[in-house]
Amino acid sequence: MVKNNRLIRLILGVATLFVSLTFLNNASAVDVVFAEDRPDLRTLDPRITQSRHEEMLIVNMFDQLIAADSNGNMYPGLATSWDVSSDGLHYTFELRDDVTFHDGTKFNAAAVKITFDSIVDPETGSQGAIDILGPYASSEVISEYKVRVNFSRRYGSALTAFTETELSIISPKALNDLGNEGFGMAPVGTGPFMFKSWEANKKVEMVNNPDYNWAPEYMDGSGPSKVENLTYRLIKDTSTRVAALESGEVDIAELVPPLDMRRFDSSGELNTIAGIVSGLPYSAFLNTSVGHFQDIKVRQAFFYSLNRVKMTSDLFFGYAEAAFGPISSATPSYWKGNEGYYQYDAAKAEALLEEAGWKMGSNGVREKNGETLSIFFPCLLEPDTCVAIQAYANKVGFDVNVEVVMKARQDELIFANGYDMMVIRWVSLDPGVLIIPFHSRNIPAPGKFKFNWSRYSTPELDQLLEDAESAETQETKDDLYMQIQKIIMDQAIFLAIHDQVQTIAYNPNLEGIKFANGNWQLRMYDVREK
Amino acid sequence: MNFFLKKLLIVIPTLYISWTVVFITLNIIPGDPVNLMLGGRPASDEVRENVRHNLGLDKPVVERYFSFLINATKGDLGKSYLTRQPVTTMIKENMMPTIQLSIGGLIFGVFFGVLLGITAGAKPNSWGDTFAMIVALCGISLPSFWIGMLLIFIFGTTLGWVPIVGDGFTALILPSVTVGLFFAGGMARLTRSSLIDVLNQDYIRTARSKGTSKFKIIFKHAFRNAMIPPVTLLGIQFGLLITGAVITEEVFARPGLGQLLLQAILSKDIPLVQALIVYMTAVYIFLNLVVDFTYGLIDPRIRLERKAT
């Protein structure tokens, strides 16, 4: 595995990410290389990105006001303490006074203000941070190391938001020198690694930040990272990614196929870790506005027809679990009650279809008034899973027509309301994400791309989603999200199938690889030779 | 002079027509660049409007078309929707890896292809001929993702002789062989048939009857004359390579123009597609000129004919 003493490679591949670590003669200095699968790595500006793959790199170059471990537990980050006003509108942060950006300028309250103000500036073109910042109103510099962030209404998810990679604090000097576009190509933050170079479609190199002395307390190490150099390589092809990992060219790979994960686990050749991603599981919306899924009995029958536990274990060999609720079990405010719904029961599915008037036809497809029980299922993500769903539903008399589509075709079908079901998945740290796929104002229309693809709308659900967003206490928040999840389950509009999983395989000589909050990105700070 | 000038003048209408076709096609096919850019991630209306405005997509189609044409004549091909970088910078960044791979593939392909072609053509219907033609057929018909994976498995993972994805010259070997095999297949078949043809000519028979050695006949008398058809093929195939070998680039995780174009089309990145069309048109025209010029080098009669007209 180790080709020579000076060079140990570490591959991080979530979609194709790997890291190669170089150990210098003294074992305290390490080089890491990463690989990334996205051909269109576009910006490394945390304020602009909306891509979990770009964040894979960003997370190692920046810090946030509040640090969070992979379980979402909060620790002092760039802020040593914070205080929330009783009306929930003002968040006051005491900041560290010993932090410098990679360009040598001092981190202070003004940097926080400039970062947040620029996120909401339309010229920045923020694609993720602006939504995460919610009802942001302004920031006030109270003193050099004290800042107050104001919201225009109570924002229950604010503390979580301040831990998100998108709200990383950037160097005002670098932003001023480079402009929005230039900054995204050569970012400057306060994180444990500094940007070095970017070879388009090939690799991004980072180097150790020797001044780093502000690691959050949940990290094992302190001071600068043991990793000297960190290289992220783009290897889109799964087989090549795994081959480069096995040949020792890279040390860590992400998005390793479950079959290879199993092979590495049984041979011990490489170590593996898998993370259950928080947010929306891999799920299907059932369209309640057109077609056969307008009938709730048909929707419920579809749910009952699927053996999600078996299907997931067949497809993922134990590296992902079946999911049952609208948010994954790793997401805060997840409701355990979800798991009592729609356990596999083919007999019940058939009974529901009979009740709804669908009689079994001669060719194994149910019919009613001369119509067949046909379901149009355009599939953008995971065709294997779509086909497995098709096979199960077919057993109880559904005729599911799976069409593997590209994004552009999917958009067209969404605008035209021309589908019976559609799949989605999404990484998010907060149940607040539910407002986007379930509020009635987010039902798509021609020319208006929105995410409520089941097109379900009741004032009751809308109200609950709005109230939950500005809930005052954690108990109220949990209770409101429980009610929301219950409605979604009762109405059978959103069929969770399996948890999203990030599969990592790495060189067994390394340790200290940690998932960032959300369980997708990897923090390379603690990586070291065993 | 006339000959070259005529070729160059064709460039202008060719570019104009291809740009217009690209612009119309990309505007007709479904998919909103803003959605494609956001990659399906939920985003608020505010975000969508900001992105649309920043890309200039809030302007009418006609206005976008004419402002593109005007800027293009000034040499400004615009900025990519996806990365906001000037498209010319993006093409430059991806051009070098593509040129390296093309030259690597060309060297391997010509050497190996001509070798197989001569082996086969010198003694038709022999064992050597059959073997060489089977290899050539494999080169042409086996998909490059399969050949690539096989080479990675044998020489990268199992034997560990060459890096799979690394940097530098050694990392160029496997991808060059992958594209070169396809190249070699076509070259070998054409060299063979052309050589057989030439070897049946009267002047070869004369040479043979005078007792010239077989080696000398092939390399001194037949080879040059047999190379005209393969050189034409070479031009076409090199043109294909230099505009990007998508699958080989993907298998070996190499950047390149093929990847760039594929991505640009899938994400409706109109400025980038248009700029790549300019590049490809230019490359084909240039290669045609080179091929024409090479004919003259190989066969002095063509050179003299051109002078005469």
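What follows is about the overall build of chain A. When helices and strands are counted, chain A shows 15 helices and 26 strands. Taken over the C-alpha trace, chain A has a radius of gyration of 24 Å; the compact-globule value for 530 residues is 24 Å, and the two agree within 12%. Expressed as lengths along the three principal axes of its C-alpha atoms, the size of chain A is roughly 75 × 55 × 40 Å. Buried positions account for 57% of the 530 residues belonging to chain A.

A few words now on the overall build of chain B. Helices and strands together make up the secondary structure of chain B, namely 15 helices and zero strands. Considering only C-alpha atoms, chain B reaches an extent of 85 × 60 × 30 Å along its principal axes. Counting every position in chain B, which comprises 309 residues, the buried fraction comes to 38%. Partitioning the contacts of chain B with sequence separation of at least 6, the portion at a separation of at least 24 is 72%.

For the rest of this paragraph, the subject is the interface of chain B and chain A. Facing 44 residues of chain B, the contacting portion of chain A comprises 38 residues. Elements with a minimum of two residues in the side of chain B that touches chain A: α2 (33-38), α3 (45-54), α5 (87-122), α7 (144-158), α12 (246-251) and α13 (257-266) of chain B. When residues of the side of chain B that touches chain A are assigned to their parent elements, the largest contribution, six residues, is made by α3 of chain B.

On to the sheet that holds strand β20 (residues 421-427) of chain A, then. All names here are of chain A. The strand order β20-β14-β21 describes an open sheet built from three strands, whose pairing is antiparallel. Each having just a single partner strand, β20 and β21 (494-498) make up the two edges of the open sheet. Pairwise comparison of adjacent strand axes, ignoring direction, gives a mean angle of 30° for this sheet. Pairing between strand β14 (residues 279-286) and β20: six bridges, direction antiparallel. Bridge assignment links Leu286 to a residue of β20, and that residue is Met421.

Residues and elements named next belong to chain B. Counting all residues, the mean pLDDT for chain B is 84, and 95% of those residues have values of 70 or more. For chain B, per-element mean pLDDT is lowest for helix α15 (residues 300-308), which scores 72, and highest for helix α6 (residues 127-141), which scores 92. With pTM at 0.83, the complex prediction returns an ipTM value of 0.77.

Right, let's talk about helix α2 (residues 109-120) of chain A for a bit. All names here are of chain A. Spanning twelve residues, α2 covers 17 Å between terminal C-alpha atoms, matching the ideal 16 Å at 1.5 Å per step. Among the residues of α2, those classed as buried are Ala109, Ala111, Val112, Thr115, Phe116, Ser118 and Ile119. Residues of α2 that are buried in the fold lie against β6 (90-95), α3 (129-132), β7 (136-143), β8 (146-151) and α5 (172-185).

On to the nonpolar core. By size, the foremost hydrophobic cluster in this structure holds 225 residues, and its most contacted members are Leu133, Leu286, Ile484 and Ala505 of chain A together with Leu276 of chain B. Residue contributions to this core peak at 13 residues, all from helix α8 (residues 173-199) of chain B. Excluding residues that lie within four positions of it along the chain, Ala505 of chain A makes contacts with Leu245, Ala253, Val256, Asp260, Met261, Phe264, Leu270, Asn271 and Thr272 of chain A.

Our next topic: the packing of α8 of chain B against helix α11 (residues 228-242) of chain B. All names here are of chain B. Axis separation between α8 and α11 bottoms out at 9 Å; the angle between their running directions is 165°. It follows from the interaxial angle that α8 and α11 lie roughly antiparallel. As for the relative orientation of α8 and α11, their crossing is right-handed in sense. Taken together, the residues of α11 that come into contact with α8 (itself represented by Val179, Phe183, Gly186, Met187, Leu190, Thr191 and Ser194) are Pro229, Pro230, Leu233, Gln237 and Leu241.

This part takes up the sheet that holds strand β17 (residues 371-372) of chain A. All names here are of chain A. Read from one edge to the other, the open sheet built from three strands follows the order β15-β16-β17, with strand pairing classed as antiparallel. The outermost strands of the open sheet, each flanked by one partner alone, are β15 (359-360) and β17. Relative to β17, strand β16 (residues 366-368) runs antiparallel, the two sharing two bridges. Bridged to Lys368 within β17 is Glu371.

Residues shown with low pLDDT carry predicted positions that ought not to be read at fine detail. Per-residue pLDDT for chain A has a mean of 88; in total, 92% of the residues score no lower than 70. In the model, residues 1-29 of chain A has pLDDT below 50 throughout and makes 145 contacts with residues more than four positions away in sequence or in other chains.

Let us look at the packing of α13 of chain B against helix α14 (residues 270-298) of chain B. Residue and element names in this part refer to chain B. Running from amino to carboxyl end, α13 crosses α14 at an angle of 140°, the nearest separation of the two axes being 8 Å. Taken together, the axes of α13 and α14 are oblique relative to one another. Where α13 crosses over α14, the handedness of that crossing is left-handed. Note on element contacts: α14 touches α13 through Leu272, Val273 and Leu276, opposite Leu257, Leu260, Leu261, Ala264 and Ile265. Each residue belonging to the contact of α13 with α14 can be placed in one class, and the counts come to eight nonpolar, no polar and no charged.

What follows is about the environment of Val290 of chain A. By the element assignment, Val290 of chain A lies in the loop between β14 and α8 (296-305). On a C-alpha basis, the gap between Val290 of chain A and Val402 of chain A in space is 17 Å, while along the polypeptide they are 112 residues apart.

The next point concerns helix α9 (residues 202-209) of chain B. Within α9 of chain B, only zero of the eight residues are buried, which leaves the element largely exposed. Just downstream of α9 of chain B lies Gly211 of chain B, where phi reads positive at about 90°.

Right, let's get into the environment of Thr83 of chain B. Here Thr83 of chain B is to be found in the loop between α4 (61-73) and α5. Taking the C-alpha atoms as reference points, Thr83 of chain B and Asp269 of chain B, separated by 186 residues in sequence, lie 9.6 Å from one another. In this view, Thr83 of chain B contacts Arg42 of chain A together with Met90 of chain B; residues no more than four positions away in its chain are not counted.

All names here are of chain A. One can find Asp479 in helix α15 (residues 474-490). Judged by the 16 C-beta atoms lying within 10 Å of it, Asp479 is partly exposed. Once the C-alpha coordinates of Asp479 and Trp335 are considered, the two residues, 144 residues apart in sequence, prove to be 9.1 Å apart.

Residues and elements named next belong to chain A. Phi is positive for Ser333, close to 65°, though the residue is something other than glycine. Along the chain, the position of Ser333 falls in the loop between α9 (308-316) and α10 (346-355). Located in the positive-phi region is Ala492, a residue other than glycine, with phi close to 50°. Counting through the fold element by element, Ala492 comes out in the loop between α15 and β21. A residue is classified by how many C-beta atoms lie within 10 Å of it, and Ala492, with 23 of them, is buried.

Thresholds, definitions, all that
- Residues numbered from 1 in each chain as written.
- Chains lettered and ligands numbered in written order.
- Predicted model: local features only at pLDDT ≥ 70, side-chain atom pairs only at ≥ 80, totals over all residues.
- Helix = DSSP H or I, 4+ residues; strand = E, 2+ residues; numbered from the N terminus.
- Rg over C-alpha atoms; globule rule 2.2 N^0.38 Å.
- Buried ≥ 20, exposed ≤ 12 C-beta atoms within 10 Å, placed from the backbone.
- Contact = placed C-beta atoms within 7 Å.
- Pairing = 2+ DSSP bridges.
- Axes fitted to C-alpha atoms, helices over the stretch in contact; angles between N-to-C directions.
- pLDDT = per-residue confidence, 0-100.
- Expected span 1.5 Å × (residues − 1).
- Core = buried A, V, L, I, M, F, W, Y, C linked by C-beta atoms within 7 Å.
- Parallel < 35°, antiparallel > 145°, perpendicular 65-115°, else oblique.
- Left-handed = near helix turned anticlockwise from the far one by under 90°.
- Nonpolar A, V, L, I, M, F, W, Y, C, P; charged D, E, K, R; others polar.

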